[in-house]
Amino acid sequence: MSSFSSSARLLTDIGEIEQYRRILEKDNIKSGEPHWASMGKNTITLFQVLIDQDLTHLVMVLQHYPKYIEAVCEHFRYAYSYSENVADIDATSELLKIGEPYFTKQFVRNVMRKLPRIESDDREALQNFIERLTENQHRWHPIITMHYRSVIKHRIDATLLHPLQRIVLEKKLASIVEVNTFDYEASDRDSHLDIPYMN
């Protein structure tokens, strides 16, 4: 299996899918079986590895083999990544788009937990990310755009900035249109699956 690295693009080259084809072509999904029970052991292992990585290869595989989308989305309800691998934002956006028919709050919560965190209070770093967010607000899934919009707003409010710097950042952030989509924060039947230290 090739090494994984976070990238700004999705890997769609047919050469990339070849490394997985021999596993997936041998697998027969058993209809009517829940979750991973519908797949062979090698396929299950493959998807567990892909989920744990930066999601670019996971999305590529799902784009070529859409019959696995539902099972992968279902697995994300229970998948907590203990690795230090963070998700590529573009890949996460694509996963949310193709996974929309199978949204559960826990699925979306666990996908969002893999996103890179904004931990810097540096004005320039915040401004750079706002600019990136502005450029991608109509391309990234609205859940991602609104997530980062909220995180940056919290950072601005909590940071000791010069009033003029705060005004500039808030003005830039205000240009990102607020969109209300899927509410994955509210309690639901999956709430008991949450692990407190992962929140």
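None of the values given here were measured: they were computed from a predicted structure.

Overview of the environment of valine 111
Then step 1. Following the sequence through the fold, valine 111 ends up in helix H6 (residues 105-112).
Then step 2. The class for valine 111 is buried, based on a relative accessible area of 0%.
Then step 3. Spatially, the C-alpha atoms of valine 111 and phenylalanine 76 are 7.0 Å apart, while their sequence positions differ by 35 residues.

Some thoughts on the nonpolar core
Then step 1. Ranked by internal contacts, the top residues of the largest apolar core, which has 51 residues, are Phe47, Leu58, Val61 and Phe76.
Then step 2. Top element by residues in this core is helix H8 (residues 142-158). It accounts for 6 residues.

Quick notes on the packing of helix H7 (residues 123-136) against H8
Then step 1. Running from N to C, H7 and H8 point in directions that differ by 155°, and their axes come no closer than 11 Å. If you check the angle between H7 and H8, you find them roughly antiparallel. Like other packed secondary-structure pairs, H7 and H8 cross with a definite hand, here left-handed. Taken together, the residues of H8 that come into contact with H7 (itself represented by Leu126, Phe129, Ile130, Leu133 and Asn136) are Thr145, Tyr148, Arg149, Ile152, Arg155 and Ile156.
Then step 2. Residue composition of the contact of H7 with H8, by class: 7 nonpolar, 2 polar and 2 charged.

A short note on the pattern of salt bridges
Then step 1. One pass over the structure, following the stated rule, counts 6 salt bridges.
Then step 2. Between arginine 155 and aspartate 121 there is a salt bridge whose closest N-O contact spans 2.9 Å. In this pair, arginine 155 sits in helix H8 while aspartate 121 sits in the loop between H6 and H7, placing the two residues 34 residues apart along the sequence.
Then step 3. Overall, aspartate 121 belongs to the partly exposed group, its relative accessible area being 37%.
Then step 4. In this structure, lysine 153 and aspartate 157 form a salt bridge, with 2.8 Å as the shortest nitrogen-oxygen distance. Highlighted residues: lysine 153 and aspartate 157, both in helix H8, separated by 4 residues, approximately one helical turn.
Then step 5. The partly exposed category is assigned to lysine 153, whose relative accessible area is 37%.

Remarks on the confidence of the model for the protein chain
Caution is warranted with low-pLDDT regions, since their predicted coordinates should not be read in detail.
Then step 1. For the protein chain, per-residue confidence averages 81 on the pLDDT scale, and residues scoring 70 or more make up 78% of the total.
Then step 2. Across the protein chain, element-level confidence peaks in helix H5 (residues 89-99) with a mean pLDDT of 97 and bottoms out in helix H1 (residues 14-26) with 78.
Then step 3. Below a pLDDT of 50 lies the segment residues 1-12, which in the model reaches 32 contacts outside its immediate sequence neighbourhood of four places, other chains included.
Then step 4. Taken together, the stretch residues 195-199 has pLDDT below 50 and engages in 8 contacts with residues farther than four places along the chain or on a different chain.

About the cut-offs
All residue numbers refer to positions counted from 1 along the written sequence of the respective chain. Where local features are concerned, this predicted model is filtered to residues with pLDDT of at least 70; where side-chain atom pairs are given and counted, the filter is 80 or more; whole-chain, interface and lining totals use all residues. Side-chain descriptors were evaluated using all non-hydrogen atoms of the structure, hydrogens and water having been removed beforehand. Secondary structure elements are defined from DSSP: runs of H or I of at least 4 residues count as helices, runs of E of at least 2 residues count as strands, and each element is numbered from the N terminus. Classification of residues uses two cut-offs on accessible area relative to the type maximum, computed with a 1.4 Å probe and protein chains only: under 20% is buried, over 50% is exposed, and between them is partly exposed. Note on terminology: a nonpolar core comprises buried Ala, Val, Leu, Ile, Met, Phe, Trp, Tyr and Cys residues joined through side-chain atoms within 4.5 Å. As a rule, the C-alpha atoms of each element are fitted with a line to give its axis, helices using only the stretch in contact, and angles between N-to-C directions run from 0 to 180 degrees. Any angle from 65 to 115 degrees is called roughly perpendicular, while one under 35 is roughly parallel, one over 145 is roughly antiparallel, and all others are oblique. Here is the rule for handedness: rotate from the far helix to the near one, and if that takes an anticlockwise turn smaller than a right angle the crossing is left-handed, while a clockwise turn gives right-handed. Contact criterion: two residues are considered in contact whenever any of their non-hydrogen atoms come within 4.5 Å of each other. As a working rule, the residues Ala, Val, Leu, Ile, Met, Phe, Trp, Tyr, Cys and Pro are called nonpolar, Asp, Glu, Lys and Arg charged, and the rest polar, with Gly in that last group. Think of a salt bridge as a Lys or Arg side-chain nitrogen and an Asp or Glu carboxyl oxygen that are within 4 Å of each other. In predicted models, pLDDT denotes the confidence assigned by the predictor to each residue on a 0 to 100 scale.

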